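Chains, contacts and geometry: an overview
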Amino acid sequence: MVATVLRLRYRILGNTLARSPWQLVGFCFGMLGALWMLGMVVTGVVALAVFQGLEVARTVAVLAGSALLLGWVVGPVLVTGIETTVDAARLAPFPLRRTQVMQALTATGLTGIPGIVTSLAALVTVGLWLRWPVAAIVAVPCAAVAVLTCVVASRLMATLSTGLGSDRRGRELVGTVVLVLVVAAGPLLTGILALLDSTGDLATRFVQAAGVLGWTPIGAAWAVPGDLAAGAWGAAVAKLAIAGATLAILWLAWGRALEASVSSPPRRTARTVEPGALGLFGRMPTGGVGATWARSLTAWLRDPRYLRQLLMVPLFPVLFAFVDGVHGVLFGASAVVVAFVLCIAGYADVSYDGTAFASVLATGIRGRDDRLGRLLGAACVGVPLTLLVAVVTALVSGSAAQLPAVVGAALGLLLAGYGVTAVSSALLVTPVAQPGDNPFKSVPGQTFVSGLLVFVVLAACLVLAAPAIVLSAISLVAGSALHGWLALAAGLAVGLVAIVVGVVVGGRTLDRTGPDLLARIKAFPR
């Protein structure tokens, strides 16, 4: 059964790559990146095995193994998403037991590029313990347990994020909570470990961190060979038990979550609305700009695809406080990072509309009004949030004098981004997650070029905001209040000019490209 599923999976992959040359290019780049990472692991293992002692090998194995597990859990959120060519929902119509479905999904995880590279890298680490034969022999099953833990943990997080078969709002809520927890886990763990010994040197803190992680489910499997090599047989047995129990608990939890997700069909809920209750549409000005403004702001306040971006905003200053302290550079620049994230939010506005974009075109609204309405909706949320983060971080860190510089760089970047995306979203559409979709899911139809275009748009935002950012940096480095106020003035001036140009140019572009955008949206795979 598993072999049949894998054959079908690779046949689908082959057909997809044959159909889309750019996806083939992206796949080749992914393969090259994976080979490069594997080469780095092999080089590091050889260097450690030949030139370093047992303590260094134990520390590196535990820390790298723990980072690998966190990468499997966090990576799909931040980078590629979990491949859904084969998932539980697709296998549900077939007469397969739950265990068979789990085996098939585990096998697909192990035979993808990340799974293959992780398995090979784990086997390569056995070379660390060749000077201790017993440790080298035990390292093989420990590596297998560690790799399986990575795959099962990733699948469990993906299943939990579907909301366990509840109604759409419930699925979206659970998925968002899981997303926030997963993204915050790595930096928070780093910050907590950094507090172990703030007075010791970096090497001492690494050793202490490895000692702690070796007794946790995150790094127990990687710590067993090192303990055996050091003669700590009791600790090795205990950590092996922790690693085995972790895998068993994750497997059982995944099974329960999978059963709830697949066997409980999503429920449709209907909202009752009082007659005449128009929501924001009754409060905004009439006309094309007002209607688009109301629709855009409603999406920002209710659509989880937008809300997930907003939920990340308060995480940045919290994570930077853990990692760098409240007096660090990162914490003080939290507002700029928030603006950098939010400035690109409008890039997928038309894509998020989906086929409902047809109703926008049917109204005959002018492109300029559509661009301005969407921009106002985003600004009603993005500008207050950015200012709030800037003011709060300045007060907490006691750096109120730097507030004009930080606000100038943040608003310059945010407003410039609004202007850039007003044009780019009239030219580009990209496959996006549907409402209620798993946030870990890789979206079908994404290509190498569409991924690069996001960075092109971000680069344009940075170039336009460069005057404000440079003046802000000079103010912060030199402690010049004058440059801080100049940064604020430059940020507002550049941002407003970018908005005016973006609305005019983007509106004219949308008038010309609207039907073509709708045709491309309808052609996206579902």
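Analysis parameters
Residues numbered from 1 in each chain as written. Predicted model: local features only at pLDDT ≥ 70, side-chain atom pairs only at ≥ 80, totals over all residues. Heavy atoms only, no water. Helix = DSSP H or I, 4+ residues; strand = E, 2+ residues; numbered from the N terminus. Contact = heavy atoms within 4.5 Å. Areas by Shrake-Rupley, 256 points an atom, 1.4 Å probe, with all protein chains shown as cover. Patch = residues over 30% accessible without salt bridge, like charges linked within 9 Å, V, L, I, M, F, W, Y side chains within 5 Å. Salt bridge = Lys/Arg side-chain N within 4 Å of Asp/Glu carboxyl O. Core = buried A, V, L, I, M, F, W, Y, C linked by side-chain atoms within 4.5 Å. Buried < 20%, exposed > 50% of the residue type's maximum accessible area, 1.4 Å probe, protein only. Axes fitted to C-alpha atoms, helices over the stretch in contact; angles between N-to-C directions. Parallel < 35°, antiparallel > 145°, perpendicular 65-115°, else oblique. Nonpolar A, V, L, I, M, F, W, Y, C, P; charged D, E, K, R; others polar. Phe/Tyr/Trp six-rings, centres within 6.5 Å; stacked < 30°, edge-to-face > 60°.

It is worth spelling out the overall build of the protein chain at this point. A count of helices and strands for the protein chain gives 23 helices and zero strands. The long-range fraction of contacts in the protein chain, counting pairs at least 24 apart against all pairs at least 6 apart in sequence, stands at 79%. Accessible surface, the protein chain as shown: approximately 25,200 Å² in total, 73% of it carbon and sulfur.

A few words now on a nonpolar patch on the surface. Taken together, Val497, Val500, Val501, Val504 and Val505 make up a surface patch of nonpolar side chains, about 380 Å² in accessible area. Checked against the element boundaries, Val505 lands in helix α23 (residues 481-523).

Another aspect to go through is the nonpolar core. Of all hydrophobic cores here, the largest spans 43 residues; its most connected members are Trp300, Val383 and Tyr418. Elements represented by at least two residues in this core include exactly α12 (288-302), α13 (304-311), α16 (334-342), α19 (367-397), α20 (403-424), α21 (448-464) and α23. At ten residues, the largest contribution of residues to this core is made by α20. Each residue touching Trp300, except ones within four places of it in the same chain, is listed here: Tyr306, Leu307, Leu310, Ala345, Gly377, Ala378 and Val381.

It is worth spelling out the packing of helix α5 (residues 98-111) against helix α6 (residues 113-124) at this point. Relative to each other, α5 and α6 sit at 75 degrees, their axes nearing to 4 Å. As far as their axial angle goes, α6 and α5 are roughly perpendicular. Between α5, through Gly109, Leu110 and Thr111, and α6, the contact on the second element is made entirely by Ile113, Gly115, Ile116 and Ser119. Within the contact of α5 with α6, the residues separate by chemical class into three nonpolar, four polar and no charged.

Looking now at the packing of aromatic side chains. Summed over all chains, the structure comprises two aromatic pairs. For the pair Trp129 and Trp132, a centre-to-centre distance of 6.4 Å together with 55 degrees between the ring planes defines the contact as tilted. Residue classification places Trp129 among the buried positions, given a relative accessible area of 3%. Residue Trp132 is classed as partly exposed on the basis of its relative accessible area of 22%. Between Trp251 and Trp254, the aromatic rings sit 5.6 Å apart at their centres with planes inclined by 85 degrees, giving edge-to-face as the arrangement. Separated by three residues within a single helix, Trp251 and Trp254 lie in helix α11 (residues 233-263), roughly one turn from each other. Assessed through its relative accessible area of 0%, Trp254 is described here as buried.

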